[in-house]
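Residue-level structural notes
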Amino acid sequence: VFVVGTGTSYNSSLYADRLSLQLKLKHVRSVVSSEMEHFENLLDQETLVILLSQSGETADTIAAARIAQEKKAKLWALVNFPMSSLARMCGGVLPICCGPELAVAATKSYTAQLALITKLLYGSAGLAEEGNRMLLDARSALYDLMSNAARDHVMKLAKDLRGERDIFLLGRGLQNVTAREAALKLKEVAGMRAEAFYTGEMKHGPLALVGEGTRVMFFYSPQDQKHAENAASELAARGARIYSFGVNPLSTSIWHVRTDDIGKGLPMIQVVPVQVLSYEIAKMRNMDPDKPRNLAKSITVR
Ligand code: G6P
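In this report, we go over the structure that sits alongside the text. Bear in mind that the values here come from a model prediction, so they are computed numbers and not experimental data.

A tally of helices and strands in the protein yields 10 helices and 10 strands. A compact globule built from 302 residues would reach a C-alpha radius of gyration of about 19 Å, and the protein, at 19 Å, matches this within 12%. On the principal axes, the C-alpha backbone points of the protein span a range of 55 × 40 × 40 Å. Taken over 302 residues, the protein has a buried fraction of 54%. Considering only residue pairs separated by 6 or more positions, the protein has 71% of its internal contacts joining residues 24 or more positions apart. When the accessible surface of the protein is totalled, it reaches about 13900 Å², and 51% of it is carbon and sulfur. For the protein, the separation between the mean place of its 36 positive charges and that of its 31 negative charges on side chains is 1 Å.

Strand order in this open sheet of five strands is E7-E6-E8-E9-E10, and the pairing throughout is parallel. Single-partner strands in this sheet number two, and they are strand E7 (193–198) and strand E10 (253–258). Strand-to-strand twist of the sheet, defined as the mean angle between neighbouring strand axes without regard to direction, takes the value 20 degrees. Relative to strand E8 (residues 215–219), strand E6 (residues 166–171) runs parallel, the two being bridged by three bridges. Bridge assignment links Phe168 to a residue of E8, and that residue is Val216. Across the face of the sheet, helix H7 (residues 174–188) comes into contact with E6, E7 and E8 while running at roughly 170 degrees to E7.

Contact geometry of helix H1 (residues 8–22) with H7 gives a least axis separation of 9 Å together with a crossing angle of 170 degrees. Classified by the angle their axes make, H1 and H7 are roughly antiparallel. Seen from H1, the contacting residues are Thr8, Tyr10, Asn11, Leu14, Tyr15, Arg18, Leu19 and Gln22; seen from H7, they are Leu174, Val177, Arg180, Glu181, Leu184 and Lys185. Classifying every residue of the contact of H1 with H7 gives seven nonpolar, three polar and four charged.

Now for the environment of Thr61. Within the element layout of this structure, Thr61 appears in helix H2 (residues 59–70). Looking at Thr61, the relative accessible area reads 1%, which means it is buried. Not counting residues up to four positions away in its chain, the partners in contact with Thr61 are Gly5, Thr6, Ser33, Leu51, Leu52 and Leu86.

Take the site of the ligand next. Surveying the vicinity of the ligand reveals 14 residues, the closest of which are Ser9, Ser53, Gln54, Ser55 and Thr58. Ser53 places a polar side-chain atom, nitrogen or oxygen, 2.6 Å from an oxygen atom of the ligand. Taking 390 Å² as the accessible area of the ligand by itself, protein coverage stands at 91%. Here the residues of the shell around the ligand sort into four nonpolar, eight polar and two charged.

Per the stated rule, a full pass over the model turns up 12 salt bridges. As a salt-bridge pair, Arg165 and Asp166 come within 3.3 Å of each other at their nearest N and O atoms. Its relative accessible area of 49% is what places Arg165 among the partly exposed residues. Among the ionic pairs, Lys185 bridges to Glu188, the shortest N-O distance being 3.2 Å. Of this pair, Lys185 and Glu188 both sit in helix H7, three residues apart, which is roughly one turn of the helix. What you see here is one network of salt bridges that share partners, running through Arg151, Glu280 and Lys283.

About the cut-offs
- Residues numbered from 1 in each chain as written.
- Predicted model: local features only at pLDDT ≥ 70, side-chain atom pairs only at ≥ 80, totals over all residues.
- Heavy atoms only, no water.
- Helix = DSSP H or I, 4+ residues; strand = E, 2+ residues; numbered from the N terminus.
- Rg over C-alpha atoms; globule rule 2.2 N^0.38 Å.
- Buried < 20%, exposed > 50% of the residue type's maximum accessible area, 1.4 Å probe, protein only.
- Contact = heavy atoms within 4.5 Å.
- Areas by Shrake-Rupley, 256 points an atom, 1.4 Å probe, with all protein chains shown as cover.
- Lys, Arg positive; Asp, Glu negative; His and termini not counted.
- Charge placed at Lys NZ, Arg CZ, Asp CG, Glu CD.
- Pairing = 2+ DSSP bridges.
- Axes fitted to C-alpha atoms, helices over the stretch in contact; angles between N-to-C directions.
- Parallel < 35°, antiparallel > 145°, perpendicular 65-115°, else oblique.
- Nonpolar A, V, L, I, M, F, W, Y, C, P; charged D, E, K, R; others polar.
- Near = heavy atom within 4 Å.
- Polar contact = N/O pair within 3.5 Å; in protein donor to acceptor, adjacent residues only side chain to side chain.
- Salt bridge = Lys/Arg side-chain N within 4 Å of Asp/Glu carboxyl O.

Below, the structure written as structure tokens:
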């Protein structure tokens, strides 16, 4: 099974890839739409290609679908618009039903894509009930994260970060997907140079850029707490300012955003405070959070 997308939809495909490993589903692999031709040799009539796209009109993803079609692979579209060009090319359509998304940067469609992927993969692993329970937990956690108190907390963080140009975002496993999507939101909406890495890769290069006052965000599950703790201490010792997103704070964090422990579905909720943060920073910088510079809602030319 190949799960294909671009931008935020690519990050959703990465969630499918990492979650499938956790659920012992061995044959799910994520691909960036524009790289699909490099996977051509692995495609045949036994392959299922799931194309992720909010709009269903993204040229790179439609081109990836054509490549898969030529190889006679089975095609499913996971889209917000069931009548889109992409959906019409595919044998199966999985609608995410999250309503029109008007802002250029994908937000609610990301959460909805992740929710549907969760349902699909837990169902495939014979764990449908467990998956459904987790989705309900995610729903109540999201209400908490959107509460006035939670938004005020993020607003204060936005004030702290409004003048910053660069920021690193770290996570491992499923939480690396969140680091990537959070970095994309900070780039697109808040105009920050936000770079995501695997937590363990930080010391293999990016560390050269860390010094007094470098901002670093950590995303972690309770299982990864110790790993994050060690990496954060190393960075804090070099003067980095640590922002933590997890169930419990890191001992070196100067700011913590608490998320409930909902298990493997943590990426469904952990990115939301950063979506809000990006929006608040954009407003503080007099940028239009709905229409980032140089970007379009869907890129329909290659
Ligand atoms: C554009 C948008 C991104 C979006 C990407 C994929 O680049 O600016 O926000 O994630 O397209 O869009 P899609 O509709 O295919 O999910």
